[in-house]
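If you want the building blocks of each chain, they are given just below.
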Amino acid sequence: MSSPRVRKIADRIQVIVAEMLERRVKDPRLGFVTVTDVRVTGDTQQATVFYTVLGADGDDEAARAGTAAALESAKGLIRSEVGKQLGMRHVPTLTFVADALPDTARQLDEVLARARAQDEAVAAARGATYAGGEDPYKKPREADDEADDEADDEPGAVADGPSAAEPDTGGDELR
(Lines give C-alpha, C1' and ligand atoms only; values in the text may rest on other atoms or scores of the structure.)
Protein backbone atom coordinates (compact mmCIF):
# COMPACT_ATOMS: atom_id res chain seq x y z
CA MET A 1 0.00 0.00 0.00
CA SER A 2 2.26 2.74 -1.21
CA SER A 3 -0.13 5.24 -2.75
CA PRO A 4 -2.60 7.32 -0.74
CA ARG A 5 -5.43 6.10 -2.97
CA VAL A 6 -4.75 2.47 -2.06
CA ARG A 7 -4.57 3.37 1.65
CA LYS A 8 -7.93 5.15 1.44
CA ILE A 9 -9.49 2.15 -0.29
CA ALA A 10 -8.11 -0.18 2.39
CA ASP A 11 -9.44 2.02 5.20
CA ARG A 12 -12.86 2.21 3.55
CA ILE A 13 -12.97 -1.57 3.02
CA GLN A 14 -12.17 -2.06 6.71
CA VAL A 15 -15.11 0.14 7.74
CA ILE A 16 -17.51 -1.49 5.27
CA VAL A 17 -16.59 -5.05 6.31
CA ALA A 18 -16.90 -4.19 10.01
CA GLU A 19 -20.36 -2.66 9.46
CA MET A 20 -21.45 -5.65 7.38
CA LEU A 21 -20.35 -8.12 10.05
CA GLU A 22 -22.14 -6.10 12.71
CA ARG A 23 -25.44 -5.47 10.92
CA ARG A 24 -26.11 -7.71 7.94
CA VAL A 25 -24.34 -11.05 8.45
CA LYS A 26 -26.55 -13.17 10.72
CA ASP A 27 -24.57 -16.42 10.78
CA PRO A 28 -24.73 -18.15 14.21
CA ARG A 29 -21.16 -19.46 13.75
CA LEU A 30 -19.85 -15.90 13.60
CA GLY A 31 -18.27 -14.92 16.92
CA PHE A 32 -17.35 -11.47 18.16
CA VAL A 33 -15.17 -10.46 15.23
CA THR A 34 -12.94 -7.39 15.10
CA VAL A 35 -11.47 -6.31 11.77
CA THR A 36 -7.92 -5.31 12.69
CA ASP A 37 -6.39 -4.46 9.32
CA VAL A 38 -6.96 -4.53 5.57
CA ARG A 39 -4.15 -4.70 3.04
CA VAL A 40 -4.84 -4.03 -0.61
CA THR A 41 -2.44 -4.80 -3.45
CA GLY A 42 -1.13 -1.91 -5.53
CA ASP A 43 -3.46 -2.72 -8.44
CA THR A 44 -6.45 -2.95 -6.03
CA GLN A 45 -7.37 -6.42 -7.30
CA GLN A 46 -6.98 -8.27 -3.99
CA ALA A 47 -7.68 -7.28 -0.42
CA THR A 48 -6.61 -9.24 2.62
CA VAL A 49 -8.83 -8.66 5.65
CA PHE A 50 -7.22 -9.47 9.02
CA TYR A 51 -9.57 -10.22 11.90
CA THR A 52 -9.55 -11.40 15.49
CA VAL A 53 -12.21 -13.29 17.39
CA LEU A 54 -12.95 -12.06 20.89
CA GLY A 55 -12.92 -14.81 23.48
CA ALA A 56 -11.24 -17.31 21.17
CA ASP A 57 -8.02 -18.09 22.99
CA GLY A 58 -5.41 -20.47 21.70
CA ASP A 59 -7.31 -23.45 23.13
CA ASP A 60 -10.65 -22.46 21.56
CA GLU A 61 -9.99 -23.50 17.96
CA ALA A 62 -13.64 -24.43 17.41
CA ALA A 63 -14.74 -20.78 17.71
CA ARG A 64 -12.04 -19.70 15.27
CA ALA A 65 -12.94 -22.42 12.80
CA GLY A 66 -16.64 -21.52 13.01
CA THR A 67 -15.92 -17.86 12.47
CA ALA A 68 -13.65 -18.64 9.52
CA ALA A 69 -16.38 -20.78 7.94
CA ALA A 70 -18.99 -18.04 8.50
CA LEU A 71 -16.74 -15.43 6.89
CA GLU A 72 -16.08 -17.67 3.89
CA SER A 73 -19.80 -18.22 3.37
CA ALA A 74 -20.56 -14.48 3.66
CA LYS A 75 -17.66 -13.44 1.41
CA GLY A 76 -19.85 -12.87 -1.66
CA LEU A 77 -22.38 -10.72 0.20
CA ILE A 78 -19.59 -8.65 1.77
CA ARG A 79 -17.76 -8.22 -1.55
CA SER A 80 -20.91 -7.06 -3.34
CA GLU A 81 -21.55 -4.47 -0.62
CA VAL A 82 -17.93 -3.30 -0.82
CA GLY A 83 -18.38 -2.86 -4.59
CA LYS A 84 -21.59 -0.87 -4.15
CA GLN A 85 -20.15 1.47 -1.54
CA LEU A 86 -16.77 1.99 -3.20
CA GLY A 87 -18.20 2.54 -6.68
CA MET A 88 -15.20 0.91 -8.34
CA ARG A 89 -15.32 -0.87 -11.68
CA HIS A 90 -13.26 -3.82 -10.41
CA VAL A 91 -14.05 -4.84 -6.86
CA PRO A 92 -11.10 -6.40 -5.02
CA THR A 93 -11.24 -10.09 -4.15
CA LEU A 94 -11.53 -10.49 -0.37
CA THR A 95 -9.42 -12.94 1.58
CA PHE A 96 -10.05 -13.33 5.32
CA VAL A 97 -7.03 -14.16 7.48
CA ALA A 98 -7.06 -14.68 11.25
CA ASP A 99 -4.69 -12.11 12.74
CA ALA A 100 -1.76 -13.66 14.63
CA LEU A 101 -0.93 -10.45 16.48
CA PRO A 102 -2.87 -11.25 19.70
CA ASP A 103 -1.22 -14.66 19.95
CA THR A 104 2.21 -13.16 19.39
CA ALA A 105 1.56 -10.47 21.99
CA ARG A 106 0.38 -13.09 24.50
CA GLN A 107 3.52 -15.17 23.95
CA LEU A 108 5.70 -12.09 24.34
CA ASP A 109 3.94 -11.21 27.62
CA GLU A 110 4.58 -14.74 28.90
CA VAL A 111 8.27 -14.54 28.01
CA LEU A 112 8.58 -11.16 29.75
CA ALA A 113 6.83 -12.51 32.85
CA ARG A 114 9.24 -15.48 32.99
CA ALA A 115 12.23 -13.15 32.60
CA ARG A 116 10.91 -10.89 35.37
CA ALA A 117 10.46 -13.89 37.69
CA GLN A 118 14.00 -15.10 36.96
CA ASP A 119 15.39 -11.61 37.65
CA GLU A 120 13.58 -11.51 41.00
CA ALA A 121 14.92 -14.97 41.89
CA VAL A 122 18.48 -13.89 41.09
CA ALA A 123 18.06 -10.69 43.11
CA ALA A 124 16.77 -12.69 46.09
CA ALA A 125 19.67 -15.15 45.86
CA ARG A 126 22.25 -12.34 45.99
CA GLY A 127 21.22 -11.22 49.42
CA ALA A 128 20.36 -7.77 50.69
CA THR A 129 23.76 -6.69 52.08
CA TYR A 130 26.12 -4.40 50.26
CA ALA A 131 29.62 -5.58 49.45
CA GLY A 132 31.46 -2.77 51.24
CA GLY A 133 29.01 -1.94 53.95
CA GLU A 134 26.07 0.42 53.84
CA ASP A 135 27.96 3.18 52.01
CA PRO A 136 30.88 1.68 50.06
CA TYR A 137 32.07 5.04 48.71
CA LYS A 138 34.97 6.82 50.37
CA LYS A 139 34.46 10.35 51.53
CA PRO A 140 37.72 12.25 50.97
CA ARG A 141 36.55 15.40 52.77
CA GLU A 142 36.27 13.63 56.12
CA ALA A 143 39.82 12.27 55.85
CA ASP A 144 41.23 15.74 55.03
CA ASP A 145 39.33 17.34 57.92
CA GLU A 146 40.79 14.84 60.40
CA ALA A 147 44.34 15.52 59.15
CA ASP A 148 43.82 19.26 59.57
CA ASP A 149 42.49 18.75 63.11
CA GLU A 150 45.58 16.74 64.04
CA ALA A 151 47.86 19.43 62.56
CA ASP A 152 46.11 22.14 64.57
CA ASP A 153 46.65 20.20 67.79
CA GLU A 154 50.45 20.13 67.37
CA PRO A 155 52.41 22.98 68.94
CA GLY A 156 53.94 25.42 66.47
CA ALA A 157 51.51 24.52 63.67
CA VAL A 158 50.97 27.15 61.05
CA ALA A 159 47.42 28.36 60.46
CA ASP A 160 45.75 27.95 57.09
CA GLY A 161 46.98 30.49 54.61
CA PRO A 162 49.76 30.94 52.08
CA SER A 163 53.01 29.43 53.19
CA ALA A 164 56.24 31.33 53.09
CA ALA A 165 57.48 29.15 50.22
CA GLU A 166 54.58 30.18 47.97
CA PRO A 167 54.48 33.82 46.85
CA ASP A 168 51.10 35.49 46.83
CA THR A 169 50.18 36.26 43.21
CA GLY A 170 46.82 37.74 43.97
CA GLY A 171 44.89 34.96 42.16
CA ASP A 172 45.20 36.57 38.74
CA GLU A 173 46.77 33.55 37.14
CA LEU A 174 44.98 30.45 36.07
CA ARG A 175 46.39 27.36 37.58
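Just above, that's the structure.
J.: In this structure, what is going on with the overall build of the protein chain? I would like to understand it.
T.: Secondary structure assignment for the protein chain yields 5 helices and 3 strands. From first element to last, N terminus to C terminus, the protein chain shows the α and β order α-β-β-α-α-β-α-α. Expressed as a percentage of the 175 residues in the protein chain, the buried residues total 22%. Long-range pairs, those at least 24 residues apart, make up 61% of the contacts in the protein chain with a sequence separation of at least 6. Accessible surface, the protein chain: about 13,100 Å² in total, of which carbon and sulfur atoms supply 52%.

J.: Looking at this structure, I do not really get the pairing of strand 2 (residues 46–54). What am I missing?
T.: For a regular strand, side chains alternate in direction, first toward one face of the sheet and then toward the other. Where strand 1 (residues 32–40) lies against strand 2, 8 bridges are found, and the strand directions are antiparallel. Looking at the pairing, D37 lines up with F50 of strand 2. Between strand 1 and strand 2, which follow one another and run antiparallel, lie 5 residues, and T44 among them has a positive phi close to 55 degrees. Here strand 2 pairs with strand 3 (residues 93–98) via 6 bridges, running parallel. Among the inter-strand pairings, T48 is bridged to a residue of strand 3, identified as T95.

Conventions and cut-offs
Residues numbered from 1 in each chain as written. Predicted model: local features only at pLDDT ≥ 70, side-chain atom pairs only at ≥ 80, totals over all residues. Heavy atoms only, no water. Helix = DSSP H or I, 4+ residues; strand = E, 2+ residues; numbered from the N terminus. Buried < 20%, exposed > 50% of the residue type's maximum accessible area, 1.4 Å probe, protein only. Contact = heavy atoms within 4.5 Å. Areas by Shrake-Rupley, 256 points an atom, 1.4 Å probe, with all protein chains shown as cover. Pairing = 2+ DSSP bridges.

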